[in-house]
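Chain by chain, the residues run as shown.
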Amino acid sequence: MLGARKKVHLLKPPSEISGAAPEPVSLVVKVDDHPKKEAVKRLCLSPVRQGTVLSETCSSAEKENFTEDITATKRICQKAGEEATQHNDYQELRKALQPQQEVQKGGEEIELLQLTVEKELTTQCNFGGQMWGRIATDEVHFGEGLHRKAFRTTVICGLLPLFDSGHSCVLKIHNTIAYGTKSNNDLIELNYKLAVQECQVQNTAREYACGFAAEGMLLDNFGDGPEVIPIYLIHRTANIIPYATVEEELIGDFVKYSVRDGRELNVGRKVSEAGQKCCTFQHWVYQRTDGNLLVTDMQGVGMKLTDIGIATCSKGYKGFKGNCYISFIEQFKALHQCNQYCNMMGLKSLKTSQQKPKRTGSVKTHLTHNQSRTQQRKYR
């Protein structure tokens, strides 16, 4: 005796129908109440009113196995799909990491030293925070300055927390051959002194900039002050030019705000906030040091500055000597024009201290009278 039948209407494939509209198909599953030892599945097609009937006779045990097979098939397909997705993700990740892995194969080992700037300026330089790492540097330089060249370099590893792996930096190498020394030891010593001097100058300017920004925070509507980025001394152990400096690469529009005279170099940026604050920063340092020290070469991206120079008086300032001529101070004193931020800081105008007294008419008359008396004595 056959069990209950359940009809499910399906659509016959278009390839089996000789017409435009698909013909419905009914699926009838017959379940045998009397299980057999060796069940045989029978598949037959019988016509019904609504279309073609697809009937299948199987036992209840076979029905359960059939359901389990479908469930297992779905799981296999789902797992295969997940594995395919993971494989594609792995391939994309491998492509993304391939350039970095190629960079890591090269590079050079370096020793990085951090300069400790004391509150009181001195001629001595104290380095601490020693760390080891690897960098990969471009073969061709992208910039050139006074006896030095700038190269783009990428940090590979070992410089945390200063720089993450893959961080873009600038490596500055000083060319000491232009100084005319011939001995290899002299070249290395001069190379070291130039690199140390650049670290000392820029990090000293950074300390002044921190003090300037701190005072600006106490004023209403002053905003942020310029920031001089830190620079580090590195020792390239396996390089013929062993010493260099490394710093963060500034991304963006690089602008020279002011060079010697304390006024913005770019005419189109005369009203820029960054340019005016850089000039005020120069004025602030000049007044704070009683005119003995001037931060110059204000340049960078936005409020972040680099390649800073310092000019000092002929005897230096508290034992510290800068890397720029003393004439920079004289030019700044003569040409600086105060702006709104100078007034907000309460800085004194430099114009009042440089005006010379004019000669009066009586003095000129007196000089002319003396000259005539001298001439009369001559003719006598």
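Attention in this report is confined to the structure presented alongside it. (Residues numbered from 1 in each chain as written. Predicted model: local features only at pLDDT ≥ 70, side-chain atom pairs only at ≥ 80, totals over all residues. Heavy atoms only, no water.)

**Topic: the sheet that holds strand β16 (residues 304-305)**
Rule in force here: Two strands make a pair as long as DSSP finds a minimum of two bridges between them. Helix numbering and strand numbering both begin at the N terminus, where a helix is a DSSP run of H or I of at least 4 residues and a strand a DSSP run of E of at least 2. When checking whether two residues touch, look at their non-hydrogen atoms; a contact exists if any pair is within 4.5 Å. Think of each axis as a best-fit line through the C-alpha atoms, taken over the contacting stretch in the case of a helix, with angles from 0 to 180 degrees between the N-to-C directions.
Pairing is mixed in the open sheet, where four strands are placed in the order β10-β16-β15-β13. Each end of this open sheet is capped by a strand with a single partner; those strands are β10 (227-228) and β13 (255-258). Sheet analysis places strand β15 (residues 298-301) next to β16, joined by two bridges and oriented antiparallel. By the bridge assignment, Val301 is partnered in β16 with Lys304. Strand contacts of helix α3 (residues 273-288): β13, β15 and β16, with the helix running at about 45 degrees to β13, the strand carrying the most contacts.

**So, the packing of helix α2 (residues 184-217) against α3**
Stated precisely, the cut-off is as follows: Angular relationships are summarised with four words: roughly parallel below 35 degrees, roughly antiparallel beyond 145, roughly perpendicular across 65 to 115, and oblique for the angles in between. Each residue is assigned to one of three groups, with Ala, Val, Leu, Ile, Met, Phe, Trp, Tyr, Cys and Pro labelled nonpolar, Asp, Glu, Lys and Arg labelled charged, and all others, Gly among them, labelled polar.
Packing of α2 against α3 brings their axes to within 10 Å, and their N-to-C directions diverge by 105 degrees. As summarised for this structure, α2 and α3 are arranged roughly perpendicular, according to the angle between their axes. Of the residues in α3, those in contact with Ala205, Tyr208, Ala209, Gly211, Phe212 and Glu215 of α2 are Lys277, Thr280, Phe281, Trp284, Val285 and Arg288. Among the residues making up the contact of α2 with α3, the classes are represented as seven nonpolar, two polar and three charged.

**Details of the pattern of salt bridges**
The following threshold applies: Every case where a carboxyl oxygen of Asp or Glu lies within 4 Å of a side-chain nitrogen of Lys or Arg is listed as a salt bridge. Buried means the residue's accessible area, taken with a 1.4 Å probe over protein chains only, is under 20% of the maximum for its type, while exposed means over 50%, and partly exposed covers the values in between.
The final tally for this structure, using the stated rule, is twelve salt bridges. Glu249 is paired through a salt bridge with Arg152; the nearest N and O atoms lie 2.8 Å apart. Taken together, the positions of Glu249 in the loop between β12 (243-248) and β13 and Arg152 in strand β8 (residues 148-157) put the pair 97 residues apart, joining distant regions of the chain. A salt bridge links Arg206 to Glu227, with the shortest nitrogen-to-oxygen separation between them at 3.8 Å. Here the residue Arg206 occupies a position in helix α2, and Glu227 occupies one in strand β10, the gap between them amounting to 21 residues. Using a relative accessible area of 23% as the deciding quantity, one classes Arg206 as partly exposed. Among the residues examined, Glu227 registers a relative accessible area of 36% and is labelled partly exposed.

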